[in-house]
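Chain and residue survey
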Amino acid sequence: MTVTPMKPRLETPRLASARTALIASGAALAITLIAPAFANNYQISVLFFLFLAIVMTETYDIVAGYMGYINIGHGAFFGIGAYIFGMIVLRGGGGGAGLIFAGVAAMVFAAAVGYPLFRLRGAYFAIATFGILELMEVLAANLRDLTGGTTGLSIAPTDHSTTITYYLALLLCAAAILLNAWVAHSRLGLGLLTIREDEEVSEASGIDTSRLKLLALVVSAVLPGFAGAVYMWQVTYIDPDSAFGATVAFAPVIMAVLGGSGTIAGPVIGAVFLTLLQEVLWSHVGYLQLTMYGVVLVCCGVLMPGGLMRSPFMARLYAAAGFADHYGYHASRRSKAAVHSKTS
């Protein structure tokens, strides 16, 4: 009786992609976990704001990248979380209670505005969400008994708040990336993609598009609410402009477009690039920050419509790293193959 030797199992592109992503994520997590032990206060502050930027961009991309609805008012969830946390703390509540109420308030607000907003599409939806953000800024400036009006709301700093908020921001950052990855590979994400490609066909196929859109908005609101609370805990001050201003409105949009909307790693890359660029500009010419957003948006639209993640350089880098082509990273390779097939 002869025994046939078993053939070694070949590693699939999906397994290779998961292994590479796991190694890279583990290395980044290890560095950020031990950063407070060797980094100075400025570097810790930059990392803190970077984590919050990733949270905002990853959650923004759930609605914009996968569903195709540009939510310029995504920053409203951040501002609501910050103000709710400040109100709870000022009235004798602890930080934990403030965090919980901030996340719940952001979810409730998303559920309340979701139904009327999703009766609009395209540019009308984007303009309406920006209008809601501006409305929240006006309300925050006029409800002085609750928000402090234009002078803002401030809370007393607590002991070891910098370390606590740093690790909370890191936890929210990891949760946002995992949430985006879960949506990308879930039935919810598949339903959102069908809405993005053709909403009428999705409805005709029996998909409850209204429920999916509202669910996506509520899911994308929770972590920004927590992020606003953590920001308030760290900075101890919030005013209408820093909670609902133009920077809060456009930063997630520009970061997602730059990195590559509709991908998992794209918002992270866009957030890292723009956060570091912001630090340079704030140190020298801080008034050019919004101008930078416009320049980046125009350059992406003309030179890199798919963002950095779909550029030829990143396509080669992802192929070399072993990532599977789930989101069109290797689009340049496909275009070359198409040209070759036409000429042959």
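Structural notes, computed from the coordinates. (Residues numbered from 1 in each chain as written. Predicted model: local features only at pLDDT ≥ 70, side-chain atom pairs only at ≥ 80, totals over all residues. Heavy atoms only, no water.)

1. Concerning the nonpolar core
The tendency in soluble globular proteins is for nonpolar side chains to be buried as a group. Threshold: We define the nonpolar core as a collection of buried residues of types Ala, Val, Leu, Ile, Met, Phe, Trp, Tyr and Cys that are connected through side-chain atoms lying within 4.5 Å of one another. The buried label applies to any residue whose accessible area, calculated with a 1.4 Å probe on protein chains only, is under 20% of its type's maximum; exposed applies above 50%, and partly exposed to all values in between. By the convention used here, residues are in contact when the closest approach between their heavy atoms is within 4.5 Å.
Counting residues in each nonpolar core, the largest one holds 83 residues, and the members touching the most others are Met67, Tyr83, Phe109, Leu192, Ile238, Phe244 and Leu274. Met67 has contacts with Ile62, Phe118, Leu192, Ile195, Arg196, Lys213 and Ala216, leaving out every residue within four places of it along the chain.

2. A short note on helix α12 (residues 246-259)
Here is the rule we go by: Starting at the N terminus, helices and strands are each numbered in turn, a helix being any DSSP run of H or I of at least four residues and a strand any DSSP run of E of at least two. In a helix, the anticipated span is given by 1.5 Å times the number of residues less one.
Look at α12: 20 Å from first C-alpha to last across 14 residues, which is about the 20 Å you get at 1.5 Å a residue. The buried count for α12 comes to 10 of 14 residues, which makes it a mostly enclosed element. Looking one or two residues past α12, Gly260 carries a phi angle of roughly 130 degrees, positive in sign.

3. Here we look at the side chain of Ser220
We count it as follows: Whenever two N or O atoms come within 3.5 Å, that pair is a polar contact, provided that in protein one can donate a hydrogen and the other can accept it, and provided that, for residues adjacent in sequence, both atoms are side-chain atoms.
By the element assignment, Ser220 lies in helix α10 (residues 209-235). Using a relative accessible area of 0% as the deciding quantity, one classes Ser220 as buried. Among the polar contacts listed, one links the side chain of Ser220 to the backbone oxygen of Leu217, at a separation of 2.8 Å. Sequence-distant contacts of Ser220, defined by excluding residues within four places in its chain, comprise Thr59, Ile62, Val63, His74 and Phe77.

4. Topic: a nonpolar patch on the surface
The condition that has to hold: Note on patches: the residues involved have over 30% relative accessible area and no salt bridge, like charges join within 9 Å, and the nonpolar side chains Val, Leu, Ile, Met, Phe, Trp and Tyr join within 5 Å. Residue burial considers only the protein chains on display, and all accessible areas are found by Shrake-Rupley using a 1.4 Å probe. Salt bridges, as used here, are contacts in which a Lys or Arg side-chain nitrogen is within 4 Å of a carboxyl oxygen on Asp or Glu.
Nonpolar side chains collect at one region of the surface, where Leu29, Ile31, Leu33, Ile34, Phe38 and Tyr167 lie side by side and expose about 580 Å² of accessible area between them. Per-element tally for the nonpolar patch: the top contributor is helix α1 (residues 13-38), with 5 residues. Note on placement: Phe38 falls in helix α1. Residue Phe38 is classed as exposed on the basis of its relative accessible area of 56%.

5. Section: empty space enclosed by the protein
Unoccupied space between atoms shows up once a probe the size of one water molecule is rolled over them. Quick reminder of the rule: Cavities and pockets were defined on a 1 Å grid built over protein atoms only: a cavity is a set of grid points that admits a 1.4 Å probe from which the probe cannot escape, a pocket is an open set flanked by protein on both sides within 12 Å along at least five of seven lines, and lining residues are those with an atom within 4 Å of any such point. Grid points are joined across faces, edges and corners, and a volume is the space filled by probe spheres set on the points. Residues are sorted three ways: Asp, Glu, Lys and Arg are charged, Ala, Val, Leu, Ile, Met, Phe, Trp, Tyr, Cys and Pro are nonpolar, and all the rest, Gly among them, are polar.
All chains considered together, the criterion is met by 1 cavity of 30 Å³ or more. For the largest cavity, the calculated volume is near 80 Å³. Breaking the lining of the largest cavity down by element, the ones donating at least two residues are α3 (75-90), α4 (95-117) and α5 (122-142). Residue composition of the lining of the largest cavity, grouped by class: 8 nonpolar, 3 polar and no charged.

6. Here we look at the packing of aromatic side chains
The criterion, for reference: Within 6.5 Å between ring centres, the rings of Phe, Tyr and Trp (the latter by its six-membered ring) count as paired, and their orientation is classed by plane angle as stacked under 30 degrees, edge-to-face over 60, tilted in between.
Summed over all chains, the structure comprises 12 aromatic pairs. With 5.0 Å between their ring centres and 90 degrees between their planes, Tyr69 and Phe125 make a pair best called edge-to-face. Taken together, the positions of Tyr69 in the loop between α2 (41-66) and α3 and Phe125 in helix α5 put the pair 56 residues apart, joining distant regions of the chain. Across the pair, exposure class does not vary: Tyr69 and Phe125 are buried alike.

7. Looking at the side chain of Asn180
Residue position: Asn180 is located in helix α7 (residues 161-184). With a relative accessible area of 0%, Asn180 lands in the buried category. Reaching out from Asn180, the side chain makes a polar contact with the side chain of Tyr66 at a distance of 2.5 Å. Setting aside its immediate chain neighbours within four residues, Asn180 contacts Glu58, Asp61, Tyr66, Thr263 and Ile264.

8. Description of the packing of α4 against α5
Basically, it comes down to this: Comment: axis = line fitted to C-alpha atoms, over the contacting stretch for helices; angle = value between 0 and 180 degrees taken between N-to-C directions. Each angle is binned into one of four classes, with values under 35 degrees roughly parallel, values over 145 roughly antiparallel, values of 65 to 115 roughly perpendicular, and all other values oblique. Less than a right angle of anticlockwise turn of the near helix away from the far helix marks a crossing as left-handed, whereas a clockwise turn marks it as right-handed.
Put simply, α4 and α5 touch, their axes get as near as 11 Å, and they point 140 degrees apart. The angle between the axes of α4 and α5 places the two elements in the oblique class. In this structure, α4 meets α5 at a crossing whose hand is right-handed. Here Phe109, Val113 and Leu117 of α4 lie close against α5, whose contacting residues are Phe125, Ala128, Thr129, Ile132 and Met136.

9. Thoughts on unusual backbone geometry
Unusually for a residue other than glycine, Thr236 sits at a positive phi of about 65 degrees. Assignment of secondary structure puts Thr236 in the loop between α10 and β2 (237-238). A relative accessible area of 16% places Thr236 in the buried class.

10. Here's the deal with the layout of surface pockets
Empty space within the second largest pocket amounts to approximately 670 Å³. The wall of the second largest pocket is formed by 24 residues, among which Phe49, Tyr231, Thr247, Val248 and Trp282 lie closest to the centre. Elements that contribute at least two residues to the lining of the second largest pocket include exactly α2, α10, α11 (240-244), α12, α13 (266-284) and α14 (289-303). With 6 residues, the single largest contributor to the lining of the second largest pocket is α12. Residues belonging to the lining of the second largest pocket are distributed by class as follows: 14 nonpolar, 7 polar and 3 charged.

Keep in mind that these numbers describe shape and distance, not what the molecule does.
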